[in-house]
Amino acid sequence: MRITGQEKHGTVKMNELQEQMKVVLADSFMMYLKAQGYHWNVEGILFPMLHDFFGKIYEEVYGSIDVTAEEIRALGAVAPHTLIEFDKYRTVMDSSATGAQGMIADLVQVNQSVLSSLMQAFRLAEAANEQGLLDYLAGRIDAHKKHNWMLTSTLKSSGEQ
């Protein structure tokens with residue numbers, strides 16, 4: 001059977017989408033790990049508030065990891081599941097911040113990486129006409145936009161407007 005240009009193009013887009021979803025999974029897993037680590041290690045006068053704040057973030061992101069892996073499987077690919085594979089796909093840099101403000105600022109950067117990965121996956125899912133995946137990715141983008149708003153708002157000092 002001869003593959004037409006359109007079929008070949010569709011396969012390329014599907015392969016790109018599968019690979020990008022692996023990036024989404026790896027980046028999401030890194031955000032989960034960092035937020036949980038900051039939840040464990042935050043100190044200072046704002047400890048109660050930030051401990052709960054980081055807890056809500058890591059729980060929300062963790063809740064998306066299994067569904068993201070299942071979406072990868074639904075696309076016909078194997079979901080990464082080892083630290084070596086996550087390291088291969090992640091765009092989130094490995095860093096460890098100290099101090100509450102440093103932790104929040106780091107999570108802002110991590111969240112931006114996750115948002116970027118999600119938006120790239122969205123563009124590829126749109127090109128591949130993966131409607132169900134588009135719906136899922138749109139929800140994840142909305143969740144991370146909310147994380148961005150909350151994290152950047154928390155970084156502002158109380159004297160700023």
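What you are looking at is a predicted structure, and each value in this text was computed from that prediction instead of being measured.

1. Comments concerning the nonpolar core
Residues L17, M21, F54, L133 and L137 are the most contacted members of the largest nonpolar core, which totals 47 residues. Breaking this core down by element, the ones donating at least two residues are α1 (5–41), α2 (47–74), α3 (83–89), α4 (100–127) and α5 (131–155). At 13 residues, the largest contribution of residues to this core is made by α1. In contact with M21, not counting residues within four places along its chain, are T68, E71, I72, L75, A121, L133 and L137.

2. Quick word on the packing of α2 against α5
Two elements in contact, α2 and α5, have axes separated by 12 Å at closest approach and are oriented at 165°. Judged by the angle between their axes, α2 and α5 are roughly antiparallel. As for how α2 packs across α5, the hand of that crossing is left-handed. Note on element contacts: α5 touches α2 through L133, Y136, R140, A143, H144, H147, M150, L151 and T154, opposite M49, L50, F53, I57, E60, V61, S64, V67, T68 and E71. Looking at the contact of α2 with α5, its residues break down into 11 nonpolar, five polar and three charged.

3. Topic: the pattern of salt bridges
The full count for this structure, using the stated rule, is four salt bridges. With its nearest N and O atoms 3.2 Å apart, the salt bridge here joins E19 to K22. Here the residue E19 and the residue K22 both occupy positions in helix α1, the gap between them amounting to three residues, near one helical turn. You can call K22 buried: its relative accessible area is 11%. Among the salt bridges present, the one from R140 reaches E60, with a minimum N-O distance of 2.5 Å. Of this pair, R140 sits in helix α5 while E60 sits in helix α2, placing them 80 residues apart in sequence. Classification of R140 by relative accessible area gives buried; the value is 9%.

4. As for α4
The terminal C-alpha atoms of α4, which comprises 28 residues, lie 41 Å apart, in line with the 40 Å expected from a rise of 1.5 Å per residue. Positive backbone phi, at 55°, marks N129, one or two positions downstream of α4.

Rules behind the numbers
- Residues numbered from 1 in each chain as written.
- Predicted model: local features only at pLDDT ≥ 70, side-chain atom pairs only at ≥ 80, totals over all residues.
- Heavy atoms only, no water.
- Core = buried A, V, L, I, M, F, W, Y, C linked by side-chain atoms within 4.5 Å.
- Buried < 20%, exposed > 50% of the residue type's maximum accessible area, 1.4 Å probe, protein only.
- Helix = DSSP H or I, 4+ residues; strand = E, 2+ residues; numbered from the N terminus.
- Contact = heavy atoms within 4.5 Å.
- Axes fitted to C-alpha atoms, helices over the stretch in contact; angles between N-to-C directions.
- Parallel < 35°, antiparallel > 145°, perpendicular 65-115°, else oblique.
- Left-handed = near helix turned anticlockwise from the far one by under 90°.
- Nonpolar A, V, L, I, M, F, W, Y, C, P; charged D, E, K, R; others polar.
- Salt bridge = Lys/Arg side-chain N within 4 Å of Asp/Glu carboxyl O.
- Expected span 1.5 Å × (residues − 1).

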